[in-house]
Amino acid sequence: MFRYIVRRLLYMIPVFLGISIISFFVMYAAGDPLNIIRLGRPNITQETIDALKVYYGLDKPIPIQYLTWLTNLLQFNFGKSLYGGRPVNFLIGSWVWETVKLQLISILLAFAISIPIGINSAKKQYSKQDIAVTSISLFGVSMPTFWLGLILIIIFSFQLGWLPSAGAYGAPYLWWDNPVLDEIAHLILPVTVLVYVMLAQNIRLIRANMLEILRSDYILAARASGLSERKVVYKYALRNAIGPVITYLGISLGAIIAGAPMTEYVFNWPGLGRRYVDAAMRLDFPLVMGINMVITVMTLIATLIIDICYVYIDPRIRLR
Amino acid sequence: MAETLLNIEGLKTHFFTEAGIVKAVDGISFNLKKGESLGLVGESGSGKTVTALSVLRIVPKPGKITDGKIEFNDENLLKKTEKEMQKIRGSKIAIIFQDPSSSLNPVYTVGTQLRDVIMAHQTVSKTEARKKTIEILEVVGLPDAETRMREYPHQFSGGMKQRVAIARALACEPTLLFADEPTTNLDVTIQAQVLNLLNDLKKKLGMSLVMITHDMGIIAEMTTRIVVLYAGRVCEIAETHDLFERPRHPYTEALLAAVPRLDMRKTLRVIPGNIPNLIEPPSGCRFHPRCNYAKQTCKEDIPVLEEIESGHFVACHEWQNITLKGERSH
Amino acid sequence: MASNKTGQKKKEKSKRRGASQWAVAWRRFKRNKAGIFGLIIVMAVFFVGIFGSFFAPYPARPDPHAYDPFYDIDPITGIGDVRKPPSWMDPEEPNSWKYLFGTTPIGTDVFSDIIHGTKYTVYVGVLVTVITMALSIAVGAIAGFYGRWVDNILMRISEVFLVFPSLLLILVFVRIFTVSVGEPFLNIPIINIQIPTGLTIVIVILGLFNWASNARMIRGEFLRVRELEFIEAERALGAGNIRIIFRHILPNLMSSIIVVSSLTIAYAILLEAAVSFLGFGDANTITWGQILQENFSEMRIVWWAEVFPGIAILLTVFGFNLLGDGLSDAMNPRLRD
């Protein structure tokens, strides 16, 4: 197990380096970064420009610049924001928790809901319920994430006035007169959006896997041994079906986290995604690259956790 | 004569596929005495496995038992509720499948899988179930059972896996065991070990055995009576030595002729043609397109299973007019 | 499969078999109601995209008449609100089709905006998919065909693209390149079509960042087909790699490529809508995402300007997804379930 984790960690190094290279060269995508910065912000001060030159060593050759940046990065020195000049790592630190909270709750909830639905759908293949579930989930895949958020806000915040439309905490007043309930009230709509998006994919995957596994010999053998239907499906089949879903989750984590800016923008959520949109809009390179790298590391850590879960679920992996 | 344990009458199990109705089992009747070893023989696709699955009532979709009677201890299994069947499966009637690597769940330890079966049928505590698991694994000859039960199926060799599968089937000491080609996927040396084990256990536990195979060699060794199936129907039923010496059905003769033998110099005969399409099976006797002795009646009339000597049944229009070669006469 | 007379030349044989294979797929597709529904939606979208300007109630911006609904304000008293709800639910305009989906705070008609946006949707969907598929077929084919270290390197690179939250990078890239755009439209002289520069930049960037998962799929298919016996036979007959790839393997992947293309179009449309909605789109081209972005801040009042363009996106994407699923069922029965 320990060796497996070490191997996975080593395996992540090239991925991390690859992404850091892409992130770094974003600055050079359209020529001299300083020109681009000036385009994005015409009234930038010479002071800031000088600070940038020092931080990135813009007078040195590009590979050296990259190495300087990478070394700084590894020492948690992300540079300073072009706007306000506050250290990037400090800014990110204050936003990261909100994003993690939102994503984690949504992923867990999406799994808890999609498993029973997917299983039931597979057990009754081609039944009315199954057809309804598959077509609704295709509908779900077709829906723009952010638009679902807009609709929910229009209905539940603007028309009905039941839930807050923006933010993570009630700044002017507390929803439902309680700080905990207030936090939950703010979570409901964004979590609904994120869960709905993941749900559709998850259900389709679990259904497809379950269909295959329910036809396998070991399920027939489990039935032949007189195990109850519940045990056969929820113990013997489920654990096998969940593996590919978890693999998929690992692969799509990047995309899920990439969806963060959209949801966070719609709900004005004070997280990394929301700030990233602002930073990218202003071409605040230190902040953009900092958030990029933090999200990358978050994704890699999550992938590692998922890999470990997978080993626990399917013991055959350990040998590979 | 001993009591009848299992009596199957006119069993029909059909698969309702998009291409049409596959009549995998189409009116099979035979019985089994207590303590007997019965062989169920036929090519693949003859309905051997589906018969076994029908008795356990675990025919996979889109299959369905459409007609017939399956009496086990004088109770019709087809009238039982699903709950009642669950109690019978694994405790009274058990089955061993052909491929142990696919019939054991890859994500649970061997011990867990055995314990689940024991706990499904007996009200025992977890520690007691664990003890029983170790016991039964030792009975099937798994060395070092206490540590090995914590391992996963992929950590076992093929022969050891099949021993585990046998242990799972015998965990609750069933009175009837179906062994569905239990040695086909094993090495030859392991085959003999597994067959010996099955024989020993059968004697020890006093259960009845239905051996499903297409291997006439195994059948000769393991059984006392044989049911020959072809395309979902019974061709011939007889005591093993009787069937081997004096087969009365052309298909049985062909099966026997296809067995390689070292002690005799003969060319191996292959049964011409393929197993028929079970969606639109041949009219009359289903074997007639491949039969050397087929006459016009064979194409038109379905032969009935008739008792030609005590305990020897055959379903052939021509049995009186033909002399067939048995094992010894080659 | 249709039986073939012996003695025919091999080429003809494979051609005929090819034709019948497509015919079989079409027959199977016709029975799939959901797929047909998808096809109808897709055809409708293309129709509106091409001919929309002929029947839109108001012309496209920047034509001043695009703001005509604005003049519904009483010219003398100046009383009235630009932000009209959909006319069928507006008590002042009973049974009117004047502004079916309402008007925006700047006085444009949402219905007309949606119709004019359709051509951009088609443009985005098709061009992103062409770029994505060209890249992923190239990468997938090279990795799948040459295998070994080439495969290893390409797959590691694709993993980087898969693991990385690519929308983040897309946003910065789009921003960097659109900041420095000069002319909003490029005129193609002879056919007299205006190409929106900003949108095209967005499209190219979306295409460049999307190839990874498709490339992996095509690589998998390549590996499968490469091992088939007839490829071995061709190789034994001395056919070169290029010939094997283009003449023998790719035609076998055609059905998979078509299915994936349809699904990629759907995804591309969603992605562009997201980029535009976040404010990174081309402000000169009023795509559906752009309409959503423009009216987002006044959403509390002009909810109709958020609801209807979204429905347009949803329906279009749903249509391409249904079509893709239907094609997949019809052409690759082995992929079912």
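Residues numbered from 1 in each chain as written. Chains lettered and ligands numbered in written order. Predicted model: local features only at pLDDT ≥ 70, side-chain atom pairs only at ≥ 80, totals over all residues.

**Regarding the interface of chain C and chain A**
Logical step 1: Of the residues lining the interface, 41 residues belong to chain C; the matching set on chain A comes to 45 residues.
Logical step 2: Every element with two or more residues in the side of chain C that touches chain A is listed here: helix H4 (148-163), helix H5 (166-179), helix H9 (241-277) and helix H11 (304-331) of chain C.
Logical step 3: With 11 residues, the single largest contributor to the side of chain C that touches chain A is H5 of chain C.
Logical step 4: The residue makeup of the side of chain C that touches chain A, split by class, is 29 nonpolar, 5 polar and 7 charged. (Contact = placed C-beta atoms within 7 Å. Helix = DSSP H or I, 4+ residues; strand = E, 2+ residues; numbered from the N terminus. Nonpolar A, V, L, I, M, F, W, Y, C, P; charged D, E, K, R; others polar.)

**Structural notes on the pairing of strand E1 (residues 4-17) of chain B**
All names here are of chain B.
Logical step 1: Bridge count between E1 and strand E2 (residues 20-33): 10 bridges; the pairing is antiparallel. Each residue of the ladder has a partner; that of Leu11, found in E2, is Ile28.
Logical step 2: Adjacent in sequence and paired antiparallel, E1 and E2 are bridged by 2 residues.
Logical step 3: Pairing geometry for E1 and strand E4 (residues 63-72), over 8 bridges, is antiparallel. Across the sheet, His14 pairs through a bridge with Lys64, a residue of E4. (Pairing = 2+ DSSP bridges.)

**Some remarks on the interface of chain B and chain A**
Logical step 1: If you look at the interface, chain B gives 24 residues, while chain A gives 21 residues.
Logical step 2: Looking at the side of chain B that touches chain A, the elements with two or more residues in it are helix H2 (82-88), helix H3 (100-103) and helix H4 (110-121) of chain B.
Logical step 3: The leading source of residues in the side of chain B that touches chain A is H4 of chain B, at 4 residues.
Logical step 4: Considering only residue class, the side of chain B that touches chain A consists of 11 nonpolar, 8 polar and 5 charged.

**Quick notes on the arrangement of the chains**
Logical step 1: There are 2 pairs of chains in contact here, and the one with the most contacts is chains A and C.
Logical step 2: At no point do chain B and chain C touch; the closest pair of C-alpha atoms across them sits 13 Å apart.

**A look at the environment of Leu186 of chain C**
All names here are of chain C.
Logical step 1: By secondary structure assignment, the location of Leu186 is in strand E1 (residues 185-188).
Logical step 2: Residue Leu186 is classed as exposed on the basis of its 11 C-beta neighbours within 10 Å.
Logical step 3: Once the C-alpha coordinates of Leu186 and Thr197 are considered, the two residues, 11 residues apart in sequence, prove to be 6.3 Å apart.
Logical step 4: Other than its neighbours up to four places away in sequence, Leu186 contacts Ile195 and Thr197. (Buried ≥ 20, exposed ≤ 12 C-beta atoms within 10 Å, placed from the backbone.)

**Quick notes on the packing of helix H3 (residues 110-146) of chain C against helix H7 (residues 211-226) of chain C**
Helix packing geometry: the angle between the two helix axes and the distance between the axes.
Residue and element names in this part refer to chain C.
Logical step 1: Relative orientation of the contacting elements H3 and H7 amounts to 40°, with a least axis distance of 7 Å. As summarised for this structure, H3 and H7 are arranged oblique, according to the angle between their axes. For H3 against H7, the interelement crossing comes out right-handed. In this structure, H3 contributes Thr132, Met133, Leu135, Ser136, Ile137, Val139, Gly140, Ala141, Ala143, Gly144 and Phe145 to the contact, and H7 contributes Trp211, Asn214, Ala215, Ile218, Arg219, Phe222, Leu223 and Arg226.
Logical step 2: Classifying every residue of the contact of H3 with H7 gives 12 nonpolar, 5 polar and 2 charged. (Axes fitted to C-alpha atoms, helices over the stretch in contact; angles between N-to-C directions. Parallel < 35°, antiparallel > 145°, perpendicular 65-115°, else oblique. Left-handed = near helix turned anticlockwise from the far one by under 90°.)

**Quick look at the nonpolar core**
Logical step 1: In terms of nonpolar packing, the biggest core is built from 266 residues, with Ala237 of chain A, Met211 and Val227 of chain B together with Ile170, Leu171 and Ala274 of chain C touching the most fellow members.
Logical step 2: Top element by residues in this core is H9 of chain C. It accounts for 17 residues.
Logical step 3: Of the domains in this structure, domain 1 (2-74) and domain 2 (95-313) of chain A are the two that each give at least three residues to this core.
Logical step 4: Not counting chain neighbours up to four residues away, the residues in contact with Ala274 of chain C comprise Pro144, Phe146 and Met262 of chain A together with Leu167 and Gly289 of chain C. (Core = buried A, V, L, I, M, F, W, Y, C linked by C-beta atoms within 7 Å. Domains from an automatic or database assignment.)

**Some words on the packing of helix H12 (residues 272-282) of chain A against helix H13 (residues 285-313) of chain A**
Residue and element names in this part refer to chain A.
Logical step 1: Between H12 and H13, the least distance of the axes is 9 Å, while the angle of their chain directions is 150°. Crossing angle aside, the handedness with which H12 passes H13 is left-handed. On H13, the residues that touch Leu272, Arg275, Tyr276, Ala279 and Ala280 of H12 are Leu287, Val288, Ile291, Val294 and Ile295.
Logical step 2: By residue class, the composition of the contact of H12 with H13 is 9 nonpolar, no polar and 1 charged.

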